[in-house]
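Examining the three-dimensional arrangement
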Amino acid sequence: MENKTLILSGNDVNKILETYGLNKLMDTLIERTTNSIKSYNPEKTEIPIRSGFNYEINDPGLVEWMPVHKKGDEVVIKVVGYHPRNPVKYDLPTILSTISSYDTTTGHLKGLVDGVLLTALRTGAASAVASKFLAKEDSSVLGLIGCGAQSVTQLHALSRLFDIKKVMLFDVDKTTMASFSNRIAMLDLNIEIVSSSMKDILNICDIVCTETSIDVGTGPLFKNLKTNDHIHINAIGSDFPGKVELPLDLLKQSLVCPDFLEQAKIEGECQQLKDSEIGPDLSELVKHSETYTSAKNQRTVFDSTGWALEDQIVMDLFLDLATEFGIGQEIAIENISEDAKNPYNFILNTVSV
Ligand SMILES: NC(=O)c1ccc[n+]([C@@H]2O[C@H](COP(=O)([O-])OP(=O)(O)OC[C@H]3O[C@@H](n4cnc5c(N)ncnc54)[C@H](O)[C@@H]3O)[C@@H](O)[C@H]2O)c1
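What this report covers is the structure whose coordinates are included nearby. Everything quoted here is computed from the prediction, not taken from an experiment. (Residues numbered from 1 in each chain as written. Predicted model: local features only at pLDDT ≥ 70, side-chain atom pairs only at ≥ 80, totals over all residues.)

What to know about the site of the ligand
Heads up, the rule is: Each residue receives a C-beta atom placed from its backbone. It is near a molecule or strand if this atom lies within 6 Å of it. Strands are runs of DSSP state E lasting at least 2 residues, helices are runs of H or I lasting at least 4, and numbering of each runs from the N terminus. Lys, Arg, Asp and Glu make up the charged group, whereas Ala, Val, Leu, Ile, Met, Phe, Trp, Tyr, Cys and Pro make up the nonpolar group; the residues left over, Gly among them, are polar.
Around the ligand, the structure places 29 residues, and the nearest of them are Thr 94, Gly 146, Gly 148, Gln 150 and Gly 306. Sorting the residues of the shell around the ligand by element identifies helix H4 (116-134) and helix H5 (149-161) as the ones contributing at least two each. Here the residues of the shell around the ligand sort into twelve nonpolar, 13 polar and four charged.

Some words on the pairing of strand E6 (residues 95-103)
Defined as follows: When DSSP locates at least two bridges between a pair of strands, those strands are taken to pair.
Where strand E5 (residues 74-82) meets E6, nine bridges bridge the pair, whose relative direction is antiparallel. Its bridge partner lying in E6, Val 80 is registered against Ser 97. Pairing of E6 with strand E7 (residues 109-114), which is carried by five bridges, proceeds in the antiparallel orientation. Each bridged residue has a counterpart across the sheet, and for Ser 100 the counterpart in E7 is Leu 112. Adjacent in sequence and paired antiparallel, E6 and E7 are bridged by five residues, among which Gly 107 carries a positive phi angle near 90°.

Here's the deal with the packing of helix H2 (residues 22-38) against helix H12 (residues 308-325)
When two helices pack together, their arrangement is given by the angle between their axes and by how far apart the axes lie. Selection rule: In this analysis, axes come from line fits to C-alpha atoms, helices being fitted only over the stretch in contact, and the angle between any two N-to-C directions falls in the range 0 to 180 degrees. What sets the label is the angle itself: under 35 degrees gives roughly parallel, over 145 gives roughly antiparallel, 65 to 115 gives roughly perpendicular, and the rest give oblique. Note on convention: near helix rotated counterclockwise from far helix by under a right angle means a left-handed crossing. Clockwise means right-handed. Residues are defined as contacting one another if the C-beta atoms placed from their backbone atoms lie within 7 Å.
Across the interface, H2 lies against H12 with an axial gap of 10 Å and an inter-helix angle of 130°. By the angle between their directions, the pair H2 and H12 is classed as oblique. Of the two possible hands of crossing, H2 and H12 adopt the one that is right-handed. The segment H2 lies against H12, with Thr 28, Leu 29, Arg 32, Thr 33 and Ser 36 engaging Leu 309, Glu 310, Ile 313, Val 314 and Leu 317. Its residues assigned to classes, the contact of H2 with H12 comprises five nonpolar, three polar and two charged.

Structure, rendered in structure tokens:
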């Protein structure tokens, strides 16, 4: 039986993006994410709440695993590290990750792919899908609170669905804010970019993405600030118990839509809400969008904790494109003995033990 594993390194992922095109990739991912959510059936695709290890030594951080089981097909598991001191101390991204896919007929590891860029892409795509159903169609001013790695793909994804004319930035780190224009230059967007205050962002912007590395127990990001009455917020950074970005009064004034309800109640903005205060989840929103059209004219929040389904969608897309373009390396990682019942079979009879 085939026992090769397709490995896509960071370089391979970059090559796929260059070959296919950045915008086309984001468009395809948004489309696949919408379609997969539309056809998502929990009877056929099992997604348990993620689990992991959280620690303070050497630096505060965590390593988590996010599994998804597409019955009769594959198990995809993303292992993701969150280490907010990485950029300053080690010149590394805050989020490091790899995604693996296992064949459920034999358990064979089919693919192993970089998860750093894939996580940023799928998180952007998820916000775009949620915003399509929750934000005003003519949204043109975007606010980014937290201007690190995720903010780049949030802007990219949203710019594919909305005619964004202006981006207003806020980050506690002024250097990060100042470097944002350079980091998005390759997107070739004709937009005005201004540094701003959270007060103005919440007052003016049609769509706001919060993607900060706020520490556990120190949120929310702001209190007692007014928001306009049609604001849509993609809250990305609340993804751990005790880590929240938005104040309770704003959540209570908004239709709050979690990506994955059970997880959001433990790790997302929904930690702060009673069940009765939580709106439809992303799957309900996408499947029955006609029920929620009025949401576009009110305050809405997409509570994005990170859904393993999104990892499976982006992994499958990259495996498909790698096969189409002949990119990546096939390696026989698993030790397959000629005699399935003798793991020592490879040792020649002449070798002494
Ligand atoms: N929901 C998801 O699926 C998902 C996916 C990836 C990352 N995330 C989360 O998104 C957040 C950002 O990730 P990243 O990869 O962009 O990290 P990053 O380290 O690249 O950027 C985070 C930025 O937030 C800024 N920041 C920290 N506290 C702030 C505050 N109080 N106000 C304003 N800015 C503040 C930092 O200065 C930094 O520039 C993290 O919390 C991460 O856990 C969520």
